[in-house]
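One-letter residues, chain by chain:
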Amino acid sequence: MASGKGGVGKTWLSISLAQALASSGYKVLILDGDFGLANVDIQLGLVPTHDVVDVLSGDVTIKDGVQHFCGGTGDAAYSFDVLAGRSGVSAVSGMNRDALDKLLLSLRLARQYDFILVDLCAGIDPITRHLAAIADQLLAVTTDEPTALADVYAIMKLYLRDRRRVGGDDMHCQLVINQASSHRSGVQTYEKLLQACRFFLKWEPQLAGTVRKDSRVSAAIRMQSSLLENFPASPAAVDVGRLVRQVVHGSLPAVA
Ligand SMILES: Nc1ncnc2c1ncn2[C@@H]1O[C@H](COP(=O)(O)OP(=O)(O)O)[C@@H](O)[C@H]1O
Ligand SMILES: [Mg+2]
């Protein structure tokens, strides 16, 4: 999950996708890849005992480093794992890329998870670009604001370059238009980006989905509770359900 600009909804979407996937029976891990301003744990109301820095430095194993998040009740109960980030410490540029690669390889080889969702840092620092390029599937998130659009265009441009560098000519990057005033306007936003990509990049990213702007999203975040659980019929919850079906329907083994 990447974006050029912060505040577009990556963290909330990562968590909502994890909740939807876990509710459908998938084994899911969220890796908080926003190493500078980690906040997956905050949105979930978790107080992590360990985080990704502990795991990367070898102080704890992956198994001991992940936190188990349980949600829902009764028949609707679900759970997924979280590898929390650490805010404020060692800026992203200080992260060790080899250690991260090793961690991701171990996670893949262990085959313990059906989906590993990586909530990336906003922006284009080298570690974030690398994680985006090696993902099985990149979801590039934007709103319809001109600054967010310009930034996500830059993300996609760099993704094409980086993806080729890591040996893939196959591009697995789809767009998510979040906080759209309607599906129609979300699709129009996508089409604007599509035109620019076609013309300048000779490439056509797919639309993974549009998620409507919904006041219940910030209400749920403030309550550190799940929109999907508490307001399942709200527009954004319905849209997340559709987004998940689209992503899973692509039968991709992992999402980042
Ligand atoms: N679909 C939506 N409708 C309304 N508000 C949203 C929606 N998605 C995100 N937001 C708002 O955007 C804020 C930033 O979301 P967050 O997931 O923290 O962004 P990011 O991780 O990209 O910085 C949230 O606190 C929430 O209030
Ligand atoms: Mg975030």
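Below is a summary of the structure that appears in this document. This is a predicted model, so every value here is computed, not measured.

Let us now look at the pairing of strand β5 (residues 138-142). Burial analysis of β5 places five of its five residues in the buried class, the great majority of the element. Strand direction decides the pairing type here: β5 and strand β6 (residues 173-180), joined by five bridges, are parallel. When the bridges of β6 are listed, Leu 139 appears paired with Gln 174. Remark: the β5/helix α7 (residues 146-165)/β6 crossover connection has right-handed handedness.

The four strands are arranged β2-β3-β1-β4 in an open sheet whose pairing can be described as mixed. At either end of the open sheet lies a strand with only one pairing partner, and these are β2 (67-71) and β4 (115-120). Each strand axis lies, on average, 25° off the axis of its neighbour in the sheet, ignoring direction.

Glancing now at the site of ligand 1. In the region of ligand 1, 17 residues are neighbours, and Gly 7, Lys 10, Thr 11, Trp 12 and Asn 178 sit closest. Interatomic distance of 2.8 Å between a side-chain N/O atom of Lys 10 and an oxygen atom of ligand 1. The protein chains hide 81% of the 570 Å² of surface that ligand 1 would expose on its own. Going through the elements one at a time, α1 (10-23), β6, β7 (206-212) and α9 (215-222) are the ones with two or more residues in the shell around ligand 1. Residues belonging to the shell around ligand 1 are distributed by class as follows: five nonpolar, eight polar and four charged.

This next bit is on the nonpolar core. Core analysis: the largest hydrophobic core is formed by 42 residues, its most contacted members being Leu 83, Leu 103, Leu 193 and Trp 203. Discounting chain neighbours no more than four positions away, the residues touching Leu 193 are Thr 142, Leu 149, Val 152, Tyr 153, Met 156, Leu 175 and Ile 177. Within the second largest apolar cluster, 37 residues are counted, among which are Ala 18, Val 40, Phe 69 and Leu 139.

In this section: the pattern of salt bridges. In total, this model carries nine salt bridges according to the counting rule given. For Arg 86, the salt bridge identified is with Asp 54, shortest N-O distance 2.8 Å. Residue Arg 86 is located in the loop between β3 (78-83) and α5 (97-110), and its partner Asp 54 is located in helix α3 (residues 52-56); the two are separated by 32 residues in the primary sequence. Counted as one network, the salt bridges with shared partners bring together Asp 51, Asp 54 and Arg 86.

Here the focus is the packing of α1 against helix α11 (residues 235-249). For the pair α1 and α11, interaxial distance at closest approach is 10 Å and the crossing angle is 70°. As judged from the angle between their axes, α1 and α11 are roughly perpendicular. The residues of α11 that touch α1, namely those facing Trp 12, Leu 13, Ser 16, Leu 17, Ala 20 and Leu 21, are Ala 236, Val 240, Leu 243, Val 244 and Val 248.

Our focus in this paragraph is α9. Where α9 begins, the side chain of Asp 214 points an oxygen toward the backbone nitrogen of Arg 216, at a separation of 3.0 Å. In the segment just after α9, Gln 224 is the residue with positive phi, at about 50°.

Rules used in this analysis
Residues numbered from 1 in each chain as written. Chains lettered and ligands numbered in written order. Predicted model: local features only at pLDDT ≥ 70, side-chain atom pairs only at ≥ 80, totals over all residues. Heavy atoms only, no water. Buried < 20%, exposed > 50% of the residue type's maximum accessible area, 1.4 Å probe, protein only. Helix = DSSP H or I, 4+ residues; strand = E, 2+ residues; numbered from the N terminus. Pairing = 2+ DSSP bridges. Right-handed = clockwise from strand over helix to strand, strands pointing away. Axes fitted to C-alpha atoms, helices over the stretch in contact; angles between N-to-C directions. Near = heavy atom within 4 Å. Polar contact = N/O pair within 3.5 Å; in protein donor to acceptor, adjacent residues only side chain to side chain. Areas by Shrake-Rupley, 256 points an atom, 1.4 Å probe, with all protein chains shown as cover. Nonpolar A, V, L, I, M, F, W, Y, C, P; charged D, E, K, R; others polar. Core = buried A, V, L, I, M, F, W, Y, C linked by side-chain atoms within 4.5 Å. Contact = heavy atoms within 4.5 Å. Salt bridge = Lys/Arg side-chain N within 4 Å of Asp/Glu carboxyl O. Parallel < 35°, antiparallel > 145°, perpendicular 65-115°, else oblique.

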